[in-house]
Every structure is written in C-alpha cells, then in structure tokens.
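# Coordinate analysis (summary)
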Amino acid sequence: MIGFKDCKNHSVVYWFPVDCSQTIQMVDRDVIIAKAASVRFHLDRIAAKTNRGLDDFLCDVDRQDIVASNLHMAVESCIDIAAHIISENGWGVPGGASEMF
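This structure is a prediction, so every number in the text was calculated from the model and none was measured. (Residues numbered from 1 in each chain as written. Predicted model: local features only at pLDDT ≥ 70, side-chain atom pairs only at ≥ 80, totals over all residues. Heavy atoms only, no water.)

### Notes on the overall build of the protein
- When helices and strands are counted, the protein shows three helices and three strands.
- Burial statistics for the protein: of 101 residues in total, 26% are counted as buried.
- Counted over contacts in the protein with a minimum sequence separation of 6, partners at least 24 positions apart contribute 32%. (Helix = DSSP H or I, 4+ residues; strand = E, 2+ residues; numbered from the N terminus. Buried < 20%, exposed > 50% of the residue type's maximum accessible area, 1.4 Å probe, protein only. Contact = heavy atoms within 4.5 Å.)

### Re the pattern of salt bridges
- By the definition in use, this model includes three salt bridges.
- The partner of D44 in a salt bridge is R40, with the nearest N and O atoms 3.2 Å apart. Of this pair, D44 and R40 are both found in helix α1 (residues 29-49), four residues apart, which corresponds to roughly one turn of the helix.
- When its relative accessible area of 41% is taken as the criterion, D44 is described as partly exposed.
- The exposure class of R40 is partly exposed, given its relative accessible area of 48%. (Salt bridge = Lys/Arg side-chain N within 4 Å of Asp/Glu carboxyl O.)

### With respect to α1
- For α1, with 21 residues, the first-to-last C-alpha span of 30 Å sits near the 30 Å given by 1.5 Å per residue.
- Taken residue by residue, α1 has I32, V39, H42 and I46 as its buried positions. Viewed end-on, α1 has its buried residues packed into an arc of 100 degrees, placing them on one side of the element. (Expected span 1.5 Å × (residues − 1). Arc of directions from axis to C-beta.)

### Considerations on helix α3 (residues 61-89)
- Under the 1.5 Å per step criterion, the end-to-end length of α3 is 42 Å for 29 residues, consistent within 8% with the ideal 42 Å.
- Every buried residue of α3 is listed here: R63, V67, N70, A74, S77, I79, I81, A82, H84, I85, I86 and N89.
- Two or three places before D62, at the start of α3, stands the capping residue D60, its side-chain oxygen 3.2 Å from that residue's backbone nitrogen.
- Downstream of α3 by a residue or two, G90 has a phi angle that is positive, lying close to 65 degrees. (Polar contact = N/O pair within 3.5 Å; in protein donor to acceptor, adjacent residues only side chain to side chain.)

### Let's talk about the side chain of N89
- Along the chain, N89 turns up in helix α3.
- Look at N89 and you get buried, because its relative accessible area is 15%.
- Polar side-chain contacts of N89 include one of 3.0 Å to the backbone oxygen of I85.

### Describing the packing of α1 against α3
- At a closest axis distance of 9 Å, the pairing of α1 and α3 adopts a crossing angle of 165 degrees. The angle between α1 and α3 places the two elements in the roughly antiparallel class. α3 is crossed by α1, and the crossing has left-handed handedness.
- Split by residue class, the contact of α1 with α3 holds 15 nonpolar, five polar and five charged. (Axes fitted to C-alpha atoms, helices over the stretch in contact; angles between N-to-C directions. Parallel < 35°, antiparallel > 145°, perpendicular 65-115°, else oblique. Left-handed = near helix turned anticlockwise from the far one by under 90°. Nonpolar A, V, L, I, M, F, W, Y, C, P; charged D, E, K, R; others polar.)

These figures come from the coordinates and say nothing about function on their own.
Dropping the structure here:
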C-alpha cells in the first residue's frame, strides 16, 4: 500500500508493509510522480498508434517502431522507479532489472 505524507515543505511517499506494523520512508513524491507521468505518456503514445486494425499495424513498420520504442521507454521508467525505491531504502544493489521487481 502506498501513502503520502507532507514533511515540512515537500511530500514524501511511504510504503506500508502488508502487516502495517511499520512504515518505511522511501522516496520523494515528486520523483515518483514524474516517472509515473513518463510511463503514462509512453502508454498513451502506444494507444494512439495501435488504434487501427491489426493488418494496418502489421503493414506499417514505422508504426511498429514507434510502439516498440515507447514500450521500451515505459519499461525503463518503471525500472527507474524501482531503482529509486531500492536506493532510497538501502536495500542493496540488484543483480539486474528483473531483481528490482
């Protein structure tokens, strides 16, 4: 569960463990909001380029490239969010992107 709390002049995002017995401060809210906005932007671009039929999509290599690039950027933003959370909590260095999730 994610919660928000105002701390002095900035907001901080908190992660609440499943048992809710403790909270762990994890990241500045603005960082998460910016990265989440980036994910939304790229997903919106994908939706805009996949609103035609499958045959049209499969015949348009440029459209495929745009979708692939935006999907890649959305995943990269998710990885950035995970890396930021891991770093802020001092959970060590993951062996790769898959270990962040």
